[in-house]
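Notes for the structure review
These are the residues of each chain, in order.
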Amino acid sequence: MTAGETVERIIGALEAVDGLRPATPESAWWPAGTAVDLSAERVEIRLIATRLPIPPLLDRAAELVRPVLAGTEWAGARLRLVVTDLDGAAFG
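The present account deals with the structure reproduced in this document. Note that this is a predicted model, so its numbers are computed, not measured. (Residues numbered from 1 in each chain as written. Predicted model: local features only at pLDDT ≥ 70, side-chain atom pairs only at ≥ 80, totals over all residues. Heavy atoms only, no water.)

Thoughts on helix H2 (residues 54-69)
The condition is simple: Each helix is a run of DSSP H or I of at least 4 residues and each strand a run of E of at least 2, with the numbering of both proceeding from the N terminus. One less than the number of residues in a helix, times 1.5 Å, gives the span that helix is expected to have. Burial classes: relative accessible area under 20% of the type maximum marks a residue as buried, over 50% as exposed, and values in between as partly exposed (1.4 Å probe, protein chains only). Each direction from the helix axis to a C-beta atom contributes to the arc, which is the arc of those directions.
Compared with an ideal rise of 1.5 Å per residue, which puts 16 residues at 22 Å, H2 spans 22 Å between its outermost C-alpha atoms and is within 8% of the ideal. Listed in full, the buried residues belonging to H2 are Leu57, Leu58, Ala61, Leu64, Val65, Val68 and Leu69. Relative to the axis of H2, the buried residues are bounded by an arc of 140° and lie together on one face. H2 presents Pro55 and Pro67 as exposed residues on the side facing more than 90 degrees away from its buried surface.

Structure (structure tokens):
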């Protein structure tokens, strides 16, 4: 699987987590995949939280992303989920 395909599958898996979305500018010019960096040592995903509490959301995201990485060259990489922003909807 290529890096691009892996990123697409990661973004697809994250769609199942109600309360998180990829941290990208809200513009058609910035695809969701720009929130994901793949390296041999680390897979980093930048997210915006739209719900609280955050820890269970990150746990669920990790549960969904790890199987996507299985069998790829990033299977052994450390998974780093970073919440870069908190949407105001989380307080509503």
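A look at the nonpolar core
For the record, the criterion: In these notes, a set of buried Ala, Val, Leu, Ile, Met, Phe, Trp, Tyr and Cys residues joined through side-chain atoms within 4.5 Å is what counts as a nonpolar core. Two residues form a contact once any of their heavy atoms are found within 4.5 Å.
Ranked by size, the top nonpolar core spans 23 residues in total, and within it Ile10, Leu20, Val43 and Ile45 carry the most contacts. Here this core gets 7 residues from one element, more than from any other, and that element is H2. With residues up to four places along the chain from it excluded, the contact list for Leu20 reads Leu14, Leu47, Ile48, Ala49, Thr50, Leu57, Leu58 and Ala61.

A few points about a nonpolar patch on the surface
Rules: For patch detection, residues must exceed 30% relative accessible area and be free of salt bridges, and they are connected within 9 Å for like charges or within 5 Å for nonpolar side chains (Val, Leu, Ile, Met, Phe, Trp, Tyr). The Shrake-Rupley method, run with a 1.4 Å probe sphere, supplies the accessible areas, and residue values consider only the shown protein chains as cover. Salt bridges are defined as contacts in which a side-chain nitrogen from Lys or Arg sits within 4 Å of a carboxyl oxygen from Asp or Glu.
Taken together, Leu52, Leu86 and Phe91 make up a surface patch of nonpolar side chains, about 290 Å² in accessible area. Relative to the elements of secondary structure, Leu52 occurs in the loop between strand S3 (42-49) and H2. By relative accessible area, Leu52 is classed as partly exposed at 40%.

Examining the packing of helix H1 (residues 3-14) against H2
As a reminder of what qualifies: Here the axes come from fitting lines to C-alpha atoms, over the contacting stretch only for helices, and the angles between their N-to-C directions go from 0 to 180 degrees. Each angle gets one of four labels, with under 35 degrees taken as roughly parallel, over 145 as roughly antiparallel, 65 to 115 as roughly perpendicular, and the rest as oblique. Note on convention: the crossing is left-handed when the near helix lies turned anticlockwise from the far helix by less than a right angle, right-handed when the turn is clockwise. Only Asp, Glu, Lys and Arg are considered charged in this grouping, and only Ala, Val, Leu, Ile, Met, Phe, Trp, Tyr, Cys and Pro are considered nonpolar; every other residue, Gly among them, is considered polar.
For the pair H1 and H2, the least separation of the axes is 9 Å and the interaxial angle reads 150°. On the basis of their axis angle, the class for H1 and H2 is roughly antiparallel. Between H1 and H2 the crossing geometry is right-handed. Residues Thr6, Arg9, Ile10, Ala13 and Leu14 of H1 form the contact with H2, whose participating residues are Ala61, Leu64, Val65, Val68 and Leu69. Its residues assigned to classes, the contact of H1 with H2 comprises 8 nonpolar, 1 polar and 1 charged.

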